[in-house]
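Overview (structure and organization)
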Amino acid sequence: MRFCPNCGTAAAADRSICPNCGTTLPAEQPAANQYAGTIGSAPYPQSGGAPMTPQSGSYMPTVLAGPSTPNQPGSGPYGPSTGPGAPGYNVTGPSGSNPAYGVPATPNVPGVPPGYNPASPFGSNPAYGTPSAPGYNTANPYGSSTAPATPGYNVTGPSGSNPYGAPAGQAYPPVPPGGLPAQGEFYGQMMPPPPPNIGAGAQPPVWATPQYTPKKKTSRGLFITLSLITAVVVLGSFWLIYYAGVARPAAQHAQATADAQSSATASANAAQAQATATQVQATAAVQATVTAEQTIYKQATAGAPTFSSPLTAQDNSKWDLYTAEGGGGCAFTNNALHASVDRTDYYVPCFALNSSFSDFAFQVQMTIVKGDEGGLLFRGNSTASQYYLFRIGQNGSYGLYLSQDDTHSSTLASATSTDIKKGVGQVNLLTVIAKGNDIYLYVNQQYITHVTDASYAKGQLGVFGSNGGNPTDAAFSNAQVWQL
């Protein structure tokens, strides 16, 4: 270790230039001492006298055997030496030769290795005679040292003595010109901190571990949860839109359709039930009517007829016999009265000119030999062509007509009936019952229809044949009349 002679800055032994002011450093000269001991390779200064007793510790000097010489009183400017030195040190010398005798050592300072005694003339040592922590000089004019002492130093001694000699193997640093540096400079930024004192029993330095606060990581579970919540919200929104825009309207439409169909079905069922009920009622009414009309027929034809003729030849009724224009006419042929017509859409009437009836039952057997239609005439006026016509066809149809003159007529009833025997050559029994304005029609003794009309009240009876598109020949026999 070297010290700059200009500024006093400590420098390593291998440095030749001061790191602070740039002054060239002188070569280090070891102190001459016949009792110099060694710690490593550094010389230890001795002031003379007998050899010192060895001490324990990591930095013990190697000394010559024998007791040390007591300190001699002196008269230096720093005060007399008053007592023997601390064990292990040789502090004797001529009075005034060691100006630092009796002066307390300054504490270890930055840039000075532990265990050095840079003696200073700045004040007295109030801690003389008081033991300090092992290995350190604790009293100095700048205050007490609070750091632990380095093992291997003997720092106790009587007042006035200098127990704070330099450690073995090292020399005191020279005092720089102008005195020691100020406390702030000595302990502050000008001097680097002392290196750690590693020796036997010493603890290695403990370096503060910088604290590190890790950044908080985003929780993966939280991310997944938020993602799931977002997905549920999005899917829920789509489902709500679908439900509100598609599913619900479809369901409502389906419900409305079902309600409409149900209502329609119910209405149809109700209508069918009503129709069935009406039909049943109508059927019952018809049955009742048929029963009543059949009763009328039985009553009207129960007695002896007022007029009866087999119609095999002319009789007292004086049937109108003639030949019609275009072919056909009225004639008795083959034991029957025939009414035939060849012209299409024409009919040929055959009246009993001596007959006149108001309320009656008129019944005749008819056979369509060929052609289309035939029937009965009643309440007629042959001269004026005014009468009622009851017609049946070989196809099962029937009708009631009102003739007003040769060119005008009207239909009062028209339909078909299963009671009519269909086809050419079939014999059908035709009956008309006229009583007042009521006209009842029967075929084969079965009620067909009932008509009310007041156009004609009385007149002649007769038969006819009609060409509906085919030349027709209708044969009549067994005519009967019951006066009512």
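Our structure is the block above this text.
We now turn to the structure provided with this report. It should be emphasised that the depicted structure is a prediction, and the values quoted were computed from it without experimental measurement. (Residues numbered from 1 in each chain as written. Predicted model: local features only at pLDDT ≥ 70, side-chain atom pairs only at ≥ 80, totals over all residues. Heavy atoms only, no water.)

With five of six residues buried, strand β16 (residues 438-443) lies mostly within the body of the structure. Of the pairings in the sheet, the one linking strand β15 (residues 427-435) to β16 comprises six bridges and is antiparallel in character. Opposite T431, over in β16, you have Y442 as the bridge partner. What sits between the antiparallel neighbours β15 and β16 is a turn of two residues, in which G436 has the positive phi angle 70 degrees. Both β16 and strand β17 (residues 446-452) contribute to a ladder of six bridges, which runs antiparallel. Counted as the bridge partner of L441 is T449 from β17. Where β16 hands over to β17, the hairpin turn is made up of two residues, of which N444 adopts a positive phi near 55 degrees. (Buried < 20%, exposed > 50% of the residue type's maximum accessible area, 1.4 Å probe, protein only. Helix = DSSP H or I, 4+ residues; strand = E, 2+ residues; numbered from the N terminus. Pairing = 2+ DSSP bridges.)

The tally for this structure, following the rule as stated, stands at eight aromatic pairs. For the pair Y297 and Y442, a centre-to-centre distance of 5.1 Å together with 40 degrees between the ring planes defines the contact as tilted. On the criterion of sequence distance, the pair formed by Y297 in helix α2 (residues 220-300) and Y442 in strand β16 is long-range, its members being 145 residues apart. The buried category is assigned to Y297, whose relative accessible area is 6%. Residue classification places Y442 among the buried residues on the basis of a relative accessible area of 0%. Summarising the aromatic geometry, the rings of Y347 and F464 are spaced 5.9 Å apart at their centres and angled 70 degrees between planes, so their arrangement reads as edge-to-face. In this pair, Y347 sits in strand β9 (residues 347-357) while F464 sits in strand β18 (residues 459-466), placing the two residues 117 residues apart along the sequence. (Phe/Tyr/Trp six-rings, centres within 6.5 Å; stacked < 30°, edge-to-face > 60°.)

Once that is clear, we can look at the pattern of salt bridges. The full count for this structure, using the stated rule, is two salt bridges. The salt bridge partner of R379 is D359, with a shortest N-O separation of 3.3 Å. In this pair, R379 sits in strand β11 (residues 373-381) while D359 sits in the loop between β9 and β10 (360-370), placing the two residues 20 residues apart along the sequence. Note on D359: relative accessible area 22%, which makes it partly exposed. (Salt bridge = Lys/Arg side-chain N within 4 Å of Asp/Glu carboxyl O.)

Turning our attention to the nonpolar core. By size, the foremost hydrophobic cluster in this structure holds 41 residues, and its most contacted members are F360, F362, F378, F390, I392, L400 and F476. Here the element with the most residues in this core is β10; it accounts for five residues. One finds Y297, I433, Y442 and W482 within the second-largest nonpolar core, a separate group that totals nine residues. (Core = buried A, V, L, I, M, F, W, Y, C linked by side-chain atoms within 4.5 Å.)

Moving on, we come to the layout of surface pockets. Space inside the largest pocket adds up to approximately 730 Å³. Forming the walls of the largest pocket are 28 residues, and the residues nearest its centre are D345, Y346, Y347, Y387 and D406. Residue assignment for the lining of the largest pocket shows that the elements contributing at least two residues are β9, β12 (386-393), β13 (397-403) and β18. No other element matches β9, which puts four residues into the lining of the largest pocket. (1 Å grid on protein atoms, 1.4 Å probe; cavity = no way out; pocket = protein on both sides within 12 Å on 5 of 7 lines; lining within 4 Å. Points joined across faces, edges and corners; volume = space filled by probe spheres on them.)

Right, let's get into the side chain of N428. Tracing the backbone through its elements, the reader meets N428 in strand β15. Residue class for N428 comes out buried when judged on its relative accessible area of 4%. A polar atom in the side chain of N428 sits 2.8 Å from the backbone nitrogen of K421. Separated by 3.2 Å, the side chains of N428 and N444 make a polar contact. Discounting residues that sit within four places of it in the chain, N428 has contacts with V364, Q365, M366, I392, D419, I420, K421, V443 and N444. (Polar contact = N/O pair within 3.5 Å; in protein donor to acceptor, adjacent residues only side chain to side chain. Contact = heavy atoms within 4.5 Å.)

A grouping of W239, L240, Y242, Y243 and V246 is seen on the molecular surface, where their side chains present a nonpolar patch of about 530 Å² in accessible area. Structurally, the position occupied by V246 is in helix α2. (Patch = residues over 30% accessible without salt bridge, like charges linked within 9 Å, V, L, I, M, F, W, Y side chains within 5 Å. Areas by Shrake-Rupley, 256 points an atom, 1.4 Å probe, with all protein chains shown as cover.)

Pairing is antiparallel across the open sheet formed by six strands, whose spatial order is β9-β18-β11-β12-β13-β14. A strand with exactly one partner marks an edge of an open sheet, and here the two such strands are β9 and β14 (409-416). Here the average twist between neighbouring strands, direction ignored, is 15 degrees. Judged from the seven bridges that link them, β9 and β18 form a sheet pairing that is antiparallel. The residue bridging C350 from the neighbouring strand is V463, located in β18. (Axes fitted to C-alpha atoms, helices over the stretch in contact; angles between N-to-C directions.)

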